[in-house]
Structure formats: structure tokens, C-alpha cells
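Structure at a glance
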Amino acid sequence: MKRKYTIAALALAALIGLTSCSDDFLNLSDPNRESSDTFWKTEDQFNQGLSASYAIWRRPGMFSRWFHVLMELRSDEGWSSSPNQEFQAIADFKNTAYNYDSNESVRLPWQETFNQIFYVNQVLDQMKDHGYDVMSKEQGDLIMGQAYFIRATAYWYIASTYGRAPLQLTSQSDGKVVDQKEMFEQVLADYTEAEKLLPVKWTNSEDLGRPTRGAAMGQAARVMMQLAGIDKRPESANADEAKKYWTEAKTKIEEIFRLNVYSLVPNWIDNFTDKNENNSESLFEINFKDGLTDGKETGMQRPKFLGLYLSDGTGAWDDGSSRDWMLDEFDKERQKDGKPDLRKYYTLFYDNPEDTMKYYGKTMAEWKAAGLLGSKKTYWRKYTSVDSDNKPEDYSSGVNFRVLRLADVYLMYAEVLNELGTDRATAVEYINKVRRRVNMADLNPALFNDYETLKDQIRHERLVELCGECTRWNDLDRWGDLHNQEAINKLAEHDPDFSTFRLGVSHKYIIPMHELSLYPGLTQNPGY
């Protein structure tokens, strides 16, 4: 029997946080709790449903807070000594002692992401049923393309975090429970559909932040690489299948290059401030808005949880910190002029006697003299307000989160070429494209003509270019580090939290307990 779903939640979500840069997008009318039988009648109503789906990206369970916490603290880039045990339990993989349902870090990522999947499935269901009857094919294709992209991104997050979940492809019935590989395969299928329907560029400025064809292609390439990594794991060991995905990723990335719409921005720091958002380097970006809209926060909460700890509350809470070993990684090389890698300065707060910049109104020396500066050796600087408006951190930063940018794609391409072993000189050239922007000397291709040497360099380059950008967890997963005890032991040498990482268990996160009774066949991940 067809279900009549209320869309009050859709209207509310649409009102509290869309991804458009235009404030006009934040002034949609409430459809007054209409049912699916009375709502989906006009193009505007379909756009309201789509906007409600977008709004979840700004919620704490997704890109506002917990996505960052889960991806950073579980990786070897982050750790926690927070008085809030939720953060420590994420970082040290000791989740089993906690009440899952009352724990926001367990409940919200799953709950809000599946809310988004339900919302966007309504859009897809109704579009397939009669949507093209109430709008032009061009507008219908744009709505469908965005909807497929949103669902793909939701399941990309679920697959990367939980590794197993119900695959809900309609709002009207339960889906089967699938593992990580099958989930990623569906993600890839959805991104592929989105690519067919999305524009290379949106023509109106108020549409900046909506996904484009390049965003779908870039995310698809990411997923292909994760699938190749799965097929390299000891329990899978399917070299032919892995090679197929590496080859497909190579082709997809080359298609991105042929779009000829992306380029590295000259100033590296422009990727993490509010000064040059939705720039030429950005393929996929979450737009945040500083302050409140209709009493609801539409900004990013990350800087209040992952940043410089100041005990008076001016900076971040002491919930998630950067690992000190990354300073050594940055110090392995200097710029051509002999200066330290500038990415170190703009990625991390650390003791730097030459630094006289005022952060939140005081220099580091002044904060220390006042007895308010935290005692850790490093803290996260990337994505904090200090390089934007430099105001005290709150729960609503207006800095956009760049989910995927061209420098990452260049390094992905280098990795794919190394895995295929066909053109390592070109792989080194794409690494050098990233290095030149920050005045680092070119690498000599002749020194990187074997797999292991180039792989080690790619690991280094991805760390210094991308650390703090929520890429590391999936990197470790793809490289097999989370599925090999020897690699886990090596990670523990610079991140002690990995000494309590349980092989075969800790690479998957806890499924909220109350969800287990809601889906036929859904059981808790092994070991919890």
C-alpha cells in the first residue's frame, strides 16, 4: 500500500538551511504539513523538497560537526583529551562502554544522514512518478541530478563510517542491508546518474554551491579508488577487479581535466577562508552562512570543536586536537627560499617565536602570559576564523567546507597512475603541480620509478596538502592500513590511540542501538 508521508520536516529543513549563497533561498513558505498526495504538484514544491534534502548538509550530524570529528579523530591526524567522553571514545576506539542512544556522536550521524536519504528519496520517487509532467525536462533533469548526488553523498558518508547499512532506494519500502562494497557500488551508480544530468556550471550566482558535473565525476573517482582498495584487502584479494577500478578512476579523472573549468588558486589559504569561496579549485563545497536564520544555526560548528583551545572560551573547546607528529612531516622539506612549508603555518597552531599575529585579539605570547593558552604542542588552525574575520569562535562559522578540490584530484591521479604502474613520470608531474603552488622544489621523476618509493611520497604529499580536510581516514582504509596488524602497529608509533584499535572491528563505527529493531536484518557491527 502506498504510504502518505508528511512533509512538515521537509518544510522545516528547507527553512533552516539551504546550500545556496543567496539569502532568498532561505525564505521559503511552509507547506503546512501537506501529505505526499497533496504536495508534489508544482516545480516549486519539488524544489522545496530538494532544498530540505540539502539542508541536512548543514546539520551537526553531517558536515557541520560530526563528519569532521569522525573523520579526523579516528585517523592518525587527530586525538582527544576532551572532558566529554564521546570525543575520546571516537579517537581511541573504546566505544563499547557507552550508552549508544544517548550519545550524539553515535546517534546524529546515522539519524540525520538517513533523514536526508528519506527526504531525497521522496524527491526521486515523486519525480519518477509524475515530476516531469509538471515541469520542463531541463528543470526535471536538474532536480534529478541533484537528488542522485545528494543520495550518493549520504551513502558515501555511511559507507565510509559504518561499513554496513540498509540500502534505501525508495521512500516507500525498506531496503536490504548491504556491506561497504555494495554500498559504494550504489554510490558510484548514483554519482554516475548525477553526472549525466548536472551542468558543468550553474549560470546563476545564487546557485553556487549546488553540485556540478565535475563534482559528481570527482566523487565518483574517489569511490572507484575506495572500491579498488577493498579489492586489495587480504580477505578480498581480487587484483583484476582492483585494476579495473584503478583504470576507471584514471579515465574519470582525465575526463575532469578535459572539462577545462578547474585550476589551482594562486593563494593556497583561499581554500579555507571566507574570502574566495566556490573558487576555481573547488569541485564540491558545502556553503555555510554565519549566524542564525529564523533562529537556526546555518554555519559550520567545526571550529568550536577542532581549533585553538583557550580556557576563556574565546577559541575552541578542548575536544579534538591535531597530532604532533605532523609537525615533523611538514619539516621534512623547506620551500625553495629556505622558509618552512607555508602549509604548516596555515594548517596548525604551534609554538613559533617569530609569529606575532594576533589570534582572537592577542598574540600567542599574550594568551600564554594570561594563562589562557592550552598546553598542547599543536592545535588545528585550518578552517578556524583566524584567517577570515578573526572573531571568537562560536557554533556558526560562515567558512565553507571544501569537500573536494583540484589539488586532491591531482594527488588522486598520481596515486592511480602509480597503482597502474604505467606512467610514473606523469604521476610525479601532477605531484609537482601541487608543490609548485606553495614554492616547493620539483621532484625528480627519475627518483620515483618504483611503486613503493612513489607510494611513500604520495602519502607524504597527501598529508601536508590535505591534513585536516577529512580525507585521511578513507586514505588509510584504501591503503589497507586499517586491515593489517603490522600497519596498525606502525600507526600506533605516532598515534597511540591505534594501540587500542581492534583489527576487524574498529574500522567500522557503532550503529545506534535503537536502529537495530527498525530495519529487518540489521545487526550491530561485529565487536560492539
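Along each chain, numbering runs from 1 in the same order as the chain's sequence is written. In view of the model being predicted, local features appear only for residues whose pLDDT reaches at least 70, and side-chain atom pairs are presented and counted only at 80 or more, with totals across whole chains, interfaces and linings using the full set of residues. Excluded from the side-chain calculation are hydrogens and water; included are all heavy atoms of the structure.

The way it works is that DSSP assigns letters per residue, a run of H or I at least four long becomes a helix, a run of E at least two long becomes a strand, and they are numbered from the N terminus. The number of helices and strands found in the chain is 19 helices and 10 strands. The size measure is the radius of gyration over C-alpha atoms, and the globule rule it meets is 2.2 Å times the number of residues to the 0.38 power. Computed over the C-alpha atoms, the radius of gyration of the chain is 22 Å, within 12% of the 24 Å expected from 2.2 N^0.38 for a compact globule of 528 residues. Principal axes of the C-alpha set define a box for the chain whose edges measure 65 × 55 × 50 Å. The classification of residues rests on relative accessible area computed with a 1.4 Å probe and restricted to protein chains. Under 20% of the type maximum is buried, over 50% is exposed, and intermediate values are partly exposed. Across the 528 residues of the chain, 62% fall into the buried class. In the chain, the share of contacts with a sequence separation of at least 24, taken over all contacts with a separation of at least 6, comes to 72%. Accessible surface, the chain as shown: approximately 19,700 Å² in total, 48% of it carbon and sulfur. When charges are counted, Lys and Arg contribute as positive and Asp and Glu as negative, whereas His and the chain ends are disregarded. For charged residues, the charge sits on one atom: NZ in Lys, CZ in Arg, CG in Asp, CD in Glu. When the 64 basic and 82 acidic side-chain charges of the chain are each reduced to a single mean position, those positions are 1 Å apart. In what follows, residue pairs with any heavy atoms lying within 4.5 Å of each other are defined as contacts. The Shrake-Rupley method, run with a 1.4 Å probe sphere, supplies the accessible areas, and residue values consider only the shown protein chains as cover.

Looking now at the packing of aromatic side chains. Between rings of Phe, Tyr and Trp, where Trp is taken as its six-membered ring, a pair exists when centres lie within 6.5 Å; planes separated by under 30 degrees are stacked, by over 60 edge-to-face, and by other angles tilted. All chains considered together, the criterion is met by 37 aromatic pairs. For the pair Trp268 and Phe272, a centre-to-centre distance of 4.8 Å together with 65 degrees between the ring planes defines the contact as edge-to-face. For the pair shown, Trp268 and Phe272 are each scored as buried. Two conditions define a charge sitting above a ring: the NZ of Lys or the CZ of Arg must be within 6 Å of the ring centre, and it must be within 35 degrees of the ring normal. Above the plane of the ring of Tyr350 lies Lys344, whose end atom (NZ or CZ) is 4.6 Å from the centre. Here the guanidinium or amino end of Lys433 rests over the ring plane of Tyr430, the centre of that ring lying 5.2 Å away.

Another point: the nonpolar core. One broad trend across soluble globular proteins is that nonpolar side chains are buried collectively. The nonpolar core is taken to be a set of buried Ala, Val, Leu, Ile, Met, Phe, Trp, Tyr and Cys residues, with the residues joined through side-chain atoms within 4.5 Å. Trp57, Phe63, Phe149, Trp156 and Phe401 are the most contacted members of the largest nonpolar core, which has 140 residues in total. Per-element tally for this core: the top contributor is helix 7 (residues 137-161), with 14 residues. Excluding residues that lie within four positions of it along the chain, Phe149 makes contacts with Trp57, Tyr191, Ala194, Leu198, Pro211, Ala215, Ala216, Gln219 and Phe284. Membership of the second largest hydrophobic core comes to nine residues, among which are Leu308, Phe349, Met364 and Trp367.

Any Lys or Arg side-chain nitrogen found within 4 Å of a carboxyl oxygen on Asp or Glu counts as a salt bridge. In this structure the tally under the stated criterion is 45 salt bridges. One salt bridge connects Arg65 with Glu104, and the closest N-O pair in it is separated by 3.1 Å. Taken together, the residues Arg65 in the loop between helix 3 (60-64) and helix 4 (66-73) and Glu104 in helix 6 (residues 104-129) connect sequence positions 39 residues apart. Classification of Arg65 by relative accessible area gives buried; the value is 13%. One salt bridge in this structure joins Lys252 and Glu195, with 2.9 Å as the shortest N-O distance. Here Lys252 is found in helix 10 (residues 239-259), whereas its partner Glu195 is found in helix 8 (residues 180-197), with 57 residues between them in sequence. Relative accessible area serves as the criterion here: at 16%, Glu195 is assigned to the buried category. Linked through salt bridges whose partners overlap, the residues forming this network are Glu281, Asp341, Arg343, Lys382, Arg405, Arg437, Glu465 and Glu469.

Turning our attention to the packing of helix 4 against helix 7. For the pair helix 4 and helix 7, the least separation of the axes is 11 Å and the interaxial angle reads 35 degrees. Where helix 4 crosses over helix 7, the handedness of that crossing is left-handed. Judged by residue contacts, Trp66, Phe67, Leu70 and Met71 of helix 4 engage Trp156, Tyr157, Ser160 and Thr161 from helix 7. Classification used: nonpolar for Ala, Val, Leu, Ile, Met, Phe, Trp, Tyr, Cys and Pro, charged for Asp, Glu, Lys and Arg, polar for all others including Gly. In terms of residue class, the contact of helix 4 with helix 7 is made up of six nonpolar, two polar and no charged. Only C-alpha atoms enter the line fits that serve as axes; for helices the fit covers just the stretch in contact. Angles between N-to-C directions range over 0 to 180 degrees. Handedness of a helix crossing follows the sense of rotation of the near helix relative to the far helix, less than a right angle counterclockwise being left-handed and clockwise being right-handed.

One can find Gln172 in the loop between strand 2 (164-166) and strand 3 (177-179). Accessibility expressed as a relative area gives 27% for Gln172, which makes it partly exposed. Taking the C-alpha atoms as reference points, Gln172 and Asn121, separated by 51 residues in sequence, lie 8.7 Å from one another.

Phi angles above zero are rare outside glycine, and Asn278 is one such case at about 50 degrees. Even without glycine at this site, Tyr383 takes up a positive phi of about 75 degrees. Among the secondary structure elements, Tyr383 is positioned in the loop between strand 9 (378-380) and strand 10 (401-405). Assessed through its relative accessible area of 1%, Tyr383 is described here as buried.

The residue Thr153 is located in helix 7 in this model. Among all residues touching Thr153, those that are not within four sequence positions of it are Trp57, Phe63, Tyr191 and Phe284.

Counting buried positions along strand 4 (residues 282-286) gives five out of five residues, so the element sits mostly inside the fold. Sheet analysis places strand 4 next to strand 10, joined by four bridges and oriented antiparallel. Bridge pairing links Ile286 to Phe401 in strand 10. One requirement defines pairing of two strands: DSSP has to find at least two bridges between them.

An ideal rise of 1.5 Å per residue puts 26 Å on 18 residues; helix 8 measures up with 26 Å between its terminal C-alpha atoms. Within helix 8 the residues assigned to the buried category are Gln180, Met183, Phe184, Gln186, Val187, Leu188, Asp190, Tyr191, Ala194, Glu195 and Leu197. Looking at the buried positions of helix 8, the neighbouring elements they touch are helix 7, strand 2, strand 3, helix 9 (213-230), helix 10 and helix 18 (472-479). Expected span of a helix: the number of residues minus one, times 1.5 Å.

Don't take any of this as a statement about function, it's just geometry.
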